[in-house]
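Survey of secondary and tertiary structure
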2 protein chains.
Amino acid sequence: MGAQLSQAYAHLVRQLESIAFLSNDDKMQLSTLQFQTKSIAQRHDVMIHGAKSSSCCIIVKGVMCRYKMVRGGKRQILSFHLPGDVLDLQCLDLDFMDHSIQAMTPCEVAFFSQQALAELMMNSPSLNLALRRHAAVDASIFREWILNVGRRDALPRIAHLFCEVFARTRALGIDDGRRFTFSLTQSEIADATGLSAVHVNRTLQHLRKQQLISSRGSSHTIIDTPGLERAADFDPAYLHLRMPQAA
Amino acid sequence: MGAQLSQAYAHLVRQLESIAFLSNDDKMQLSTLQFQTKSIAQRHDVMIHGAKSSSCCIIVKGVMCRYKMVRGGKRQILSFHLPGDVLDLQCLDLDFMDHSIQAMTPCEVAFFSQQALAELMMNSPSLNLALRRHAAVDASIFREWILNVGRRDALPRIAHLFCEVFARTRALGIDDGRRFTFSLTQSEIADATGLSAVHVNRTLQHLRKQQLISSRGSSHTIIDTPGLERAADFDPAYLHLRMPQAA
DNA sequence: CGTCTAATTGAAGCATCTCAACATGCGTGG
DNA sequence: CCACGCATGTTGAGATGCTTCAATTAGACG
């Protein structure tokens, strides 16, 4: 339990530091936040479309996604979220959820009270800014996804998704610095890119043939990062990371 | 000049009131804001991708759009903005623009200082909330656009765009309550929906044949609102409007 | 009235989708 | 430890939605 709390704290700090400057005082204040951690089974929803958005939580472990359904049962994934991501900074001010949030892997999340967060933001202007930046970056990523889905062909579109996942993970300092591997079902990729699962399958084969990635089941490894970024037309500027994302 | 100032004020109030409650005191405080108005010629950029985002402005008159280019020169429009919209609540906290903003019609915008806005938000918690809601609704609209572009066919996709423009205009109390007409070039519709201009042309013909809309040049009129909403799979919930959008 | 932009049309090609079958891998219960 | 069942990945074939190119028409404006 204590370990989870400190892990939640560490991830949140890393996440915020990837996009904003935090003073030691800021970190101290963050560490006083009261958490309540909870495990979420894979494929379970943490927030449901239409429900009142009350609680505020950050991801401690695992990957989650926002998604929305369309008439006819098709699903569109709207964003991925990694450890340290604050899930509903944007939704807290709204009366109900306009989408759902699901655990793509088994997850740990830390819930904390809206008031505690509000007080924190009142007390520390720099933390306030960091959290606002976090929400602003989320919005920027949404915009890039509109572009990705609207104007890129299947191959660059999937490649772009992979580049983003890699860049954001790297920004958290989670990856081992060498080969980057992540897990994503072909139909999850399909839902995130607005393609059919079959076409994702074929496009992944192209990416493999071009030696940009390799896959084992639903586990994908980026082999040639610069090549993949070229294929994806990827420019990480929209992530608004503080550090140049060194390889 | 005075007229423009009060118009800017009126639009901002209407915009915020469409999504949040404002007290008389809030409105009073808003009315003390110092504006500087400026005319923007059609097709001119107010903000440019990559530039530092410093100023903060609201639209007084006209329609603007956010957009982004992709390798190969294709454009993707990310959102439309109507009078009263605050343009860069989200971008102020970021170091540079990750997209551009353009006047789709001749526009009037009111610039005001970032500090004045910050003070206002400090002084009034309810105005603070209203402006945060405004940004949150923007993000919600981005999410709906990802869904629209990713998972809807051309006809419902264009229909959805039209429904949104109508619903948001109606929420401002701008339309005359009867037939709703707006101006949008076919290639602008193409850029907003991720389609080609030619296909937009053909799809508009379908919409006309189905008696849902009529067009004269780049001017479109919604004839059958419920029918169009049905065709679009449109649910206005994601706009988070306070009022049920009465016809 | 010419000039320019935007809308329209036709034809051909390609990207992507759907359907349907089959293969592979993995976890679980026997 | 094996056998089964389920989820996922793979493949083929045919259909279609959308794009591109290129030519033509229609409007808007000085």
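Small disclaimer: the values here were computed from a predicted structure and weren't measured.

The subject of this paragraph is the pairing of strand S5 (residues 75-81) of chain A. Residues and elements named next belong to chain A. Taking burial as the measure, the 7 residues of S5 include 7 buried ones, the bulk of the element. Strand direction decides the pairing type here: strand S4 (residues 64-69) and S5, joined by 6 bridges, are antiparallel. Residue pairing across strands places Arg-66 opposite Ser-79, the latter belonging to S5. Between S4 and S5, which pair antiparallel and follow one another directly, the connecting turn spans 5 residues, one of which, Gly-72, has a positive phi of 105°.

The subject of this paragraph is helix H2 (residues 24-31) of chain A. All names here are of chain A. Of all the positions in H2, only Asp-26, Lys-27, Gln-29 and Leu-30 are classed as buried. What you see down the axis of H2 is that its buried residues fit within an arc of 160°, all on one side. Opposite the packed face of H2, turned more than 90 degrees from it, sit the exposed residues Asn-24 and Met-28.

Vacant regions in the atomic arrangement are exposed by a probe of water-molecule size rolled over the atoms. Residue and element names in this part refer to chain B. Scanning all chains against the criterion turns up 4 cavities of 30 Å³ or more. Of the pockets and cavities examined, the largest cavity occupies roughly 160 Å³. As for the largest cavity, its lining consists of 14 residues, of which Gln-15, Ser-18, Ile-19, Val-137 and Arg-168 are closest to the centre. Each residue belonging to the lining of the largest cavity can be placed in one class, and the counts come to 8 nonpolar, 3 polar and 3 charged. Residues from two domains meet in the lining of the largest cavity; each of domain 1 (2-132) and domain 2 (152-239) gives at least three.

All names here are of chain A. By domain assignment, chain A separates into domain 1 (2-125) and domain 2 (152-239). Averaged C-alpha coordinates put domain 1 and domain 2 at centres separated by 24 Å. Between domain 1 and domain 2, the contact holds 14 residues from the first and 15 residues from the second. Summed over both partners, the interface of domain 1 with domain 2 comes to about 1,200 Å²; 56% of that surface belongs to carbon and sulfur atoms. When residues of domain 1 are sorted by the area they lose upon contact with domain 2, Arg-75, Phe-80 and Leu-82 head the list and together hold 42% of the total. The interface formed by domain 1 and domain 2 includes 3 salt bridges.

What follows concerns the layout of surface pockets. Each pocket or cavity is described by its volume, and for the largest pocket that value is around 1,400 Å³. Lining the largest pocket are 38 residues, and of these Met-121, Asn-128 and Arg-132 of chain A together with Asn-128 and Arg-132 of chain B sit closest to its centre. Secondary structure elements with two or more residues in the lining of the largest pocket: helix H3 (114-123) and helix H4 (125-151) of chain A together with helix H3 (114-123) and helix H4 (125-151) of chain B. For the lining of the largest pocket, the element with the most residues is H4 of chain A, which contributes 8 residues. Broken down by class, the residue content of the lining of the largest pocket amounts to 24 nonpolar, 7 polar and 7 charged.

What follows concerns the interface of chain A and chain B. Listed per partner, the contact involves 45 residues of chain A and 45 residues of chain B. If you sort the residues of chain A by the area they bury against chain B, Arg-143, Ile-146 and Arg-151 of chain A come out on top, with a joint share of 22%. Counting the contacts that link chain A with chain B gives 10 salt bridges. The residue Arg-132 of chain B makes a salt bridge to Asp-93 of chain A at a minimum N-O spacing of 2.8 Å. For the pair chain A and chain B, the number of links is 29 residue pairs in polar contact (both at pLDDT 80 or more). Listing elements by their share of the side of chain A that touches chain B, those giving two or more residues are S4, S5, H4, helix H6 (186-193) and helix H8 (225-232) of chain A. No other element matches H4 of chain A, which puts 16 residues into the side of chain A that touches chain B. When the residues that make up the side of chain A that touches chain B are grouped by side-chain class, the tally is 21 nonpolar, 7 polar and 17 charged.

Before going further, it helps to examine the protein's contact with DNA strand C. The environment of DNA strand C is formed by 18 residues, the closest being Ser-196 of chain A together with Gln-186, Asn-201, Arg-202 and Gln-205 of chain B. The sugar and phosphate moieties of DNA strand C supply 61% of its atoms located within 4 Å of the protein. A distance of 2.8 Å is found between a phosphate oxygen of DNA strand C and a side-chain nitrogen or oxygen belonging to Gln-205 of chain B. Mapped onto the surface near DNA strand C, the elements with two or more residues apiece are helix H7 (197-209) of chain A together with helix H7 (197-209) of chain B. In terms of residues, the surface near DNA strand C owes the most to one element, H7 of chain B, which gives 5 residues. Classifying every residue of the surface near DNA strand C by side-chain character gives 4 nonpolar, 8 polar and 6 charged.

Right, let's get into the protein's contact with DNA strand D. In the region of DNA strand D, 18 residues are neighbours, and Gln-186, Arg-202 and Gln-205 of chain A together with Ser-196 and His-199 of chain B sit closest. The sugar and phosphate moieties of DNA strand D supply 56% of its atoms located within 4 Å of the protein. Between DNA strand D and the protein, one listed contact pairs a phosphate oxygen with a side-chain N or O atom of Gln-186 of chain A at 2.6 Å. Between a phosphate oxygen of DNA strand D and a main-chain N or O atom of Ser-196 of chain B, the distance comes to 2.9 Å. Classifying every residue of the surface near DNA strand D gives 4 nonpolar, 8 polar and 6 charged.

This part takes up the pattern of salt bridges. The tally for this structure, following the rule as stated, stands at 26 salt bridges over all chains. Among the ionic pairs, Asp-95 of chain B bridges to Arg-133 of chain A, the shortest N-O distance being 3.4 Å. You can see Asp-95 of chain B sitting in the loop between strand S5 (75-81) and strand S6 (100-103) and its partner Arg-133 of chain A sitting in helix H4, one on each of two chains. On the basis of relative accessible area, Asp-95 of chain B is assigned to the partly exposed category, the value being 45%.

Conventions adopted
- Residues numbered from 1 in each chain as written.
- Chains lettered and ligands numbered in written order.
- Predicted model: local features only at pLDDT ≥ 70, side-chain atom pairs only at ≥ 80, totals over all residues.
- Heavy atoms only, no water.
- Buried < 20%, exposed > 50% of the residue type's maximum accessible area, 1.4 Å probe, protein only.
- Helix = DSSP H or I, 4+ residues; strand = E, 2+ residues; numbered from the N terminus.
- Pairing = 2+ DSSP bridges.
- Arc of directions from axis to C-beta.
- 1 Å grid on protein atoms, 1.4 Å probe; cavity = no way out; pocket = protein on both sides within 12 Å on 5 of 7 lines; lining within 4 Å.
- Points joined across faces, edges and corners; volume = space filled by probe spheres on them.
- Nonpolar A, V, L, I, M, F, W, Y, C, P; charged D, E, K, R; others polar.
- Domains from an automatic or database assignment.
- Contact = heavy atoms within 4.5 Å.
- Buried area = accessible area lost by both parts, 1.4 Å probe.
- Salt bridge = Lys/Arg side-chain N within 4 Å of Asp/Glu carboxyl O.
- Polar contact = N/O pair within 3.5 Å; in protein donor to acceptor, adjacent residues only side chain to side chain.
- Near = heavy atom within 4 Å.

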